[in-house]
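The residues making up each chain are set out below.
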Amino acid sequence: MNFTCHTVCRQKTMTALSRALRKTVRQKASRRLQIYNWLCIALGISVIVSTKWMWVKWLDGAAIVLLLALLLWGDALDGFFARKLASPGTEEVTLSFSPEGYTVEDGNGVTQWSYEQVQALAETEAYIVLALGRRQGQICEKASLQGGTLEKFRTFLADKTQKEIIYIGR
């Protein structure tokens, strides 16, 4: 059974890819970083409350705002920079899945991938993500899927990769 999927890499797409990688292959490191950020915020608040110097309060306040922004919009920021650093011609990607492996075709050429290289599978409302590493993945837009139903595609991917698809929400 062959499936084809065409994806346009927009900000929303790259944010979803970043979120999927954070919730699958980078889960442990991400949890540690979140705990560290919350501890730094708590420390910053305690410094703001206890210090007399106004410049220290302003500096700590700015650091707290920056850390909160990273916690709340980290995936969007990561997706933004990944999109800006991507090679020209990779804005539109076509993935073709076959029983032997899958191919990725973009403006730079065609690349063959094996299902053994997939470290994790994730699903959002609009995308299915194949995580290939801590900083690399392939994203497939559900709306553009051809060659079968979405349920058959999920079963196909789970069988070929021997991985369970993790639903991560939005």
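Heads up: the structure comes first, above all this text.
The sections below set out a description of the structure shown in this document. (Residues numbered from 1 in each chain as written. Predicted model: local features only at pLDDT ≥ 70, side-chain atom pairs only at ≥ 80, totals over all residues. Heavy atoms only, no water.)

**Side note on the packing of helix H1 (residues 11–23) against helix H3 (residues 54–85)**
Where H1 meets H3, the axes come as close as 8 Å, and the angle between the chain directions of the two elements is 120°. Considering how the two elements wind past one another, H1 and H3 form a crossing that is right-handed. Listed contacts from H3 to Gln11, Met14, Thr15, Ser18, Arg19 and Arg22 of H1 are Asp75, Ala76, Asp78, Gly79, Phe80, Ala82 and Arg83. Looking at the contact of H1 with H3, its residues break down into 4 nonpolar, 4 polar and 5 charged. (Axes fitted to C-alpha atoms, helices over the stretch in contact; angles between N-to-C directions. Helix = DSSP H or I, 4+ residues; strand = E, 2+ residues; numbered from the N terminus. Left-handed = near helix turned anticlockwise from the far one by under 90°. Contact = heavy atoms within 4.5 Å. Nonpolar A, V, L, I, M, F, W, Y, C, P; charged D, E, K, R; others polar.)

**Considering the nonpolar core**
Ranked by size, the top nonpolar core spans 33 residues in total, and within it Phe97, Tyr102, Leu130, Phe153 and Leu157 carry the most contacts. Discounting residues that sit within four places of it in the chain, Phe153 has contacts with Phe3, Phe97, Ile128, Cys140 and Leu145. (Core = buried A, V, L, I, M, F, W, Y, C linked by side-chain atoms within 4.5 Å. Buried < 20%, exposed > 50% of the residue type's maximum accessible area, 1.4 Å probe, protein only.)

**Here we look at the side chain of Thr90**
Here Thr90 shows up in the loop between H3 and strand S2 (92–97). A distance of 2.6 Å separates a polar side-chain atom of Thr90 from the backbone oxygen of Ser87. Those residues in contact with Thr90, other than ones at most four positions away along the chain, are Cys9, Asp106 and Asn108. (Polar contact = N/O pair within 3.5 Å; in protein donor to acceptor, adjacent residues only side chain to side chain.)

**A word on the pattern of salt bridges**
Summed over the entire model, instances satisfying the criterion amount to 5 salt bridges. Here Glu123 ties to Lys142 by a salt bridge, and the two come within 2.5 Å at their closest N and O atoms. Of this pair, Glu123 sits in strand S5 (residues 120–124) while Lys142 sits in the loop between strand S7 (137–141) and helix H4 (150–161); the two residues are 19 residues apart in sequence, bridging distant segments of the chain. Per residue, the accessibility class of Glu123 equals that of Lys142, and both read buried. The salt bridge partner of Glu151 is Arg154, with a shortest N-O separation of 2.9 Å. Residue Glu151 and its partner Arg154 are both found in helix H4; the two are separated by 3 residues, about one turn of the helix. The structure contains a network of salt bridges with shared partners spanning Glu123, Lys142, Glu151 and Arg154. (Salt bridge = Lys/Arg side-chain N within 4 Å of Asp/Glu carboxyl O.)

**Notes on the sheet that holds S2**
Reading across the sheet, the 4 strands line up as S1-S2-S3-S4 and stay open at both edges, with antiparallel pairing between neighbours. Edge positions in the sheet fall to strand S1 (3–8) and strand S4 (109–113), since each has one partner strand and no second. Pairwise comparison of adjacent strand axes, ignoring direction, gives a mean angle of 20° for this sheet. Bridge count for S2 against strand S3 (residues 102–106) is 4 bridges, and the pairing is antiparallel. The residue bridging Thr94 from the neighbouring strand is Glu105, located in S3. (Pairing = 2+ DSSP bridges.)

These figures capture arrangement, not role.
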